[in-house]
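Summary of the model geometry
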Amino acid sequence: MKFEDLLLEIGGFGKFQILILFILCLPRMNLPMHFLLHNFLAATPSHHCAIPHQEAFVNLTMEEVLLISIPREPDGTFKSCEMFSQPQFHLLLNSSLQPENNSIIQHCQHGWIYDNSQFTSTISTQWDLVCEQRGLNQATATFFFIGVTIGAMVFGYLSDRFGRKAMLLLSLVCAVVFGMLSAASISYSMLAITRTLTGVALSGVSLIVFPLGMEWVDIQHRAFSGILTSIFWSIGNMLLAVVAYLVREWHWLLVAVTGPCLLSIVCLWWVPESARWLIANGKVKQAHRHLLRCARMNGRKDFAISPEPFPSFHLFQALRRMATDKKPGENYSYITLFRTRVLRKISLCSGAVWFGVAFSYYGMSMNLTGFGLNMYLAQFVFGIIEIPAKMIMYMLVNRVGRRKSQAWALILTGLCIGANIVIPKPFTSLRSIVAIMGKGFSEAAFTTAFLYTSELYPTVLRQNGMGYSSFVARLGGALAPLVFLLDEVWRSLPEVTYCGVAVCCGLVAFLLPETLHVRLPEGIEDIE
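All residue numbers refer to positions counted from 1 along the written sequence of the respective chain. Local features are withheld for residues below a pLDDT of 70 in this predicted model, meaning they are given only at 70 or higher, and side-chain atom pairs are given and counted only at 80 or more; totals for whole chains, interfaces and linings count all residues. As a rule here, side-chain values cover all heavy atoms of the structure and leave hydrogens and water aside.

**Observations concerning the state of the cysteines**
Defined simply, a disulfide is a covalent bond joining two cysteines at their sulfur atoms. Cysteine sulfur atoms that pair up within 2.5 Å are treated as a disulfide. On inspection of all chains with the given rule, the structure shows 2 disulfides. Between the sulfur atoms of Cys 49 and its disulfide partner Cys 108 the distance amounts to 1.7 Å. Given an S-S torsion of about -65°, the disulfide between Cys 49 and Cys 108 has left-handed geometry. Note that Cys 49 is positioned in strand β1 (residues 47–49) and Cys 108 in the loop between β3 (105–107) and β4 (112–114), a separation of 59 residues in sequence. Each helix is a run of H or I in the DSSP string that is no shorter than four residues. Each strand is a run of E no shorter than two, and both are numbered from the N terminus.

What follows is the structure, encoded as structure tokens:
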């Protein structure tokens, strides 16, 4: 007897599964509020060099002081990183006569003055992460994703070794601790370290939530549960825009996006451990208890007492037979993913797909200025765009299959990015429509990746497989914000890079096996 058969007997999608999915959606909703927080946490408002007070400035307005102290850009705005070594009073008579002698221009010597109309404070204004220090500001996102990358490997192994629920609880507790420490940071170094550790913790949440819910759901409802969980990511996207709009001070913004983890910790009390994991690891008594609870909640109250088809005693015996035979001391690790031929192919191809998905997704998500909207509205629109994309993908994965849906969503993402390279800049409306379509395809690819990958690996290796895939994906997420710096080589090089990677990785998805209407594999032999 397979676990899928038993799950159908006790209710493969009833009140029990709905309760689990909605509780697990709470931490899922909190994830984008951290993963995309860099857009607001490290936002750089307009700024210019601070001008020390002089006696000669007494009768001048602030505009006149700036005019004689700071050179201008070709468009007439004041430069952000340069100032005159001496006041140029002759510019008061004719401001169009900008000095041609660069020897009188120097870098800011006395700090910067920031426009506080949009932000009370960000880490950029707190530690002057502008001009020569601009790289440190961008590196904050990379530090976070490096932490997520490390966490993917750590929690992928630990959740297969010690259980899904225990590691999810540990992840949430650590996320609260390090998130609050980030908010209390008194130096950039402290913030960089605590944000990295927050990334490690939240990686566990990202990695465990989806498989834990899916392992309690029958075949027919796996896609639905995956899309439902994913929709809460989009809701979190929209909530981030609202929270960031209401909280303009970076310390309190970190507190606001970390606080909901406490609610998730409390609600996790009602979520059981994965029965599949318990059976695979020989913990039959615990699995038996959770399955009886599932049967009662789903209205199968006679399940435990009726003589047919599965009395409680015979259920226990069935679970014993189902338990995966493990030799003494036998453990699975990431190396196991590459030991056999089929598993090795799946691991290499899914890793490439995940890299392309994350690389293109975060490349688009961290470019909020491409819509001609203010950044709060753009963030909110990004969240709304994702919901119809998920709905369409729900129909596609059940009709055309996981493999084709994954491949074409990623390829079309790349083509939309590439199209905006050739569309002229003046066609802003057309460029915005293409960008919105690209964002929708990108989210569709991400949604499918979670569902598809969790169905490719057997139960005994599922979290290791998800951990490895997430590790590769977070490498893509860490590199994505740095690619923007390539515009100094060629203006369109970042877009060309995003386009090429997405299309190539989409083609790799065609090499993976189809999992539509296929039972979840329990052991390695089920795959090989």
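Moving on from the model shown.
**A closer look at a nonpolar patch on the surface**
Only residues whose relative accessible area exceeds 30% and that form no salt bridge are eligible for patches; like-charged ones are grouped when within 9 Å, while nonpolar side chains (Val, Leu, Ile, Met, Phe, Trp, Tyr) are grouped when within 5 Å. Only the protein chains shown count as cover for residues, with accessible areas throughout obtained via the Shrake-Rupley method and a probe of 1.4 Å. Salt bridge, as used here: a side-chain nitrogen of Lys or Arg that lies within 4 Å of a carboxyl oxygen of Asp or Glu. A cluster of nonpolar side chains, Val 242, Tyr 245, Leu 246, Leu 377, Phe 380 and Ile 384, forms an exposed patch at the surface whose accessible area comes to about 550 Å². At the level of secondary structure, the elements contributing two or more residues to the nonpolar patch comprise α9 (222–246) and α16 (375–399). Assignment of secondary structure puts Ile 384 in helix α16. By relative accessible area, which is 41% here, Ile 384 ends up partly exposed. Summary of the burial criterion: residues with accessible area below 20% of their type's maximum are buried, those above 50% are exposed, and those between are partly exposed, where the area comes from a 1.4 Å probe applied to protein chains only.

**Here we look at the pattern of salt bridges**
A full pass over the atoms with the stated rule returns 7 salt bridges. In this structure, Lys 79 and Glu 82 form a salt bridge, with 3.4 Å as the shortest nitrogen-oxygen distance. Of the residues examined, Lys 79 reaches a relative accessible area of 21% and is grouped as partly exposed. Residue class for Glu 82 comes out partly exposed when judged on its relative accessible area of 24%. Salt-bridge contacts for Glu 455 lead to Arg 402; the nearest nitrogen and oxygen are separated by 2.9 Å. Of this pair, Glu 455 sits in helix α18 (residues 428–456) while Arg 402 sits in helix α17 (residues 402–422), and the two are 53 residues apart along the sequence. One exposure class covers both Glu 455 and Arg 402, and it is buried. Where salt bridges share partners, they join Asp 160, Arg 164, Glu 215 and Arg 462 into one cluster.

**Here we look at the environment of Arg 339**
Examined against the element boundaries, Arg 339 turns out to sit in the loop between α14 (312–322) and α15 (341–365). Using a relative accessible area of 56% as the deciding quantity, one classes Arg 339 as exposed. Along the chain, Arg 339 and Val 255 lie 84 residues apart, while their C-alpha atoms are 44 Å from each other.

**Quick look at the confidence of the model for the protein**
Every residue carries a pLDDT, the predictor's confidence in it, which falls somewhere between 0 and 100. Averaged over all residues, the pLDDT of the protein equals 85, while 91% of them reach at least 70. By mean pLDDT, α14 is the weakest element of the protein at 58, and helix α10 (residues 250–258) is the strongest at 96. Contacts: residue pairs with any heavy atoms within 4.5 Å of one another. In the model, residues 304–311 has pLDDT below 50 throughout and makes 8 contacts with residues more than four positions away in sequence or in other chains.

**With respect to the packing of aromatic side chains**
A pair of Phe, Tyr and Trp rings is counted when the ring centres sit within 6.5 Å of each other, with Trp represented by its six-membered ring. The angle between the planes then sorts it: under 30 degrees is stacked, over 60 is edge-to-face, the rest tilted. In total, this model carries 26 aromatic pairs according to the counting rule given. With 5.5 Å between their ring centres and 85° between their planes, Phe 144 and Phe 145 make a pair best called edge-to-face. There is no split in this pair, since Phe 144 and Phe 145 are both buried. Taking 5.8 Å as the distance between ring centres and 40° as the angle between the ring planes, the aromatic pair formed by Phe 210 and Phe 450 counts as tilted. Residue Phe 210 is located in helix α8 (residues 188–214), and its partner Phe 450 is located in helix α18; the two are separated by 240 residues in the primary sequence. As far as the burial class goes, Phe 210 and Phe 450 line up, both buried.

**Digging into the side chain of His 34**
For His 34, the position within the fold is in helix α2 (residues 15–35). Of the residues examined, His 34 reaches a relative accessible area of 1% and is grouped as buried. Those residues in contact with His 34 that sit more than four places away from it in its chain are Phe 144, Arg 195, Thr 198, Leu 202, Val 257 and Thr 258.

**Regarding the UniProt feature "transmembrane region" (unreviewed entry) in the protein**
Mapped onto this structure's residue numbering, the UniProt feature "transmembrane region" (unreviewed entry) falls at residues 12–31, 139–159, 166–186, 192–212, 224–246, 252–271, 346–364 and 376–396. Annotation note: span residues 252–271, helix share 75%, strand share 0%, distance between end C-alpha atoms 30 Å. UniProt positions are given in the numbering used here, feature names are shortened, and annotations may be inferred rather than shown by experiment.

**Things to note about the packing of α10 against helix α11 (residues 260–267)**
Helix-helix packing: each pair is described by the crossing angle between the helix axes and the interaxial distance. Axes here mean lines fitted to C-alpha atoms, for a helix over just the part in contact, with angles spanning 0 to 180 degrees between N-to-C directions. Between α10 and α11, whose axes approach to 5 Å, the crossing angle comes to 15°. Considering the angle they form, α10 stands roughly parallel to α11. Only Pro 260, Cys 261 and Leu 262 of α11 make contact with α10, whose side of the interface consists of Ala 256, Val 257 and Thr 258. Across the contact of α10 with α11, the residue classes tally to 5 nonpolar, 1 polar and no charged. Oblique is the label for any angle not covered by the other classes, which are roughly parallel (under 35 degrees), roughly antiparallel (over 145) and roughly perpendicular (65 to 115). Throughout this entry, Asp, Glu, Lys and Arg are counted as charged residues, while Ala, Val, Leu, Ile, Met, Phe, Trp, Tyr, Cys and Pro are counted as nonpolar. The remaining residues, Gly among them, count as polar.

**Notes on the domain arrangement of the protein**
In terms of domains, the protein is made up of domain 1 (47–114), domain 2 (275–325) and domain 3 (337–527). Of the roughly 340 Å² buried between domain 2 and domain 3 on both sides combined, carbon and sulfur atoms contribute 64%. Run the count over domain 2 and domain 3 and you get 0 salt bridges. What qualifies as a polar contact is a pair of N or O atoms within 3.5 Å, subject to a donor-acceptor requirement within protein and to the restriction that residues adjacent in sequence count only when both atoms come from side chains. There are 0 residue pairs in polar contact (both at pLDDT 80 or more) connecting domain 2 and domain 3. Considering only residue class, the side of domain 2 that touches domain 3 consists of 2 nonpolar, 1 polar and 1 charged. Throughout, the edges of the domains are those of an automatic or database domain assignment. The buried area of a pairing is the accessible area, by a 1.4 Å probe, that goes missing from both parts when the two are put together, added over both.

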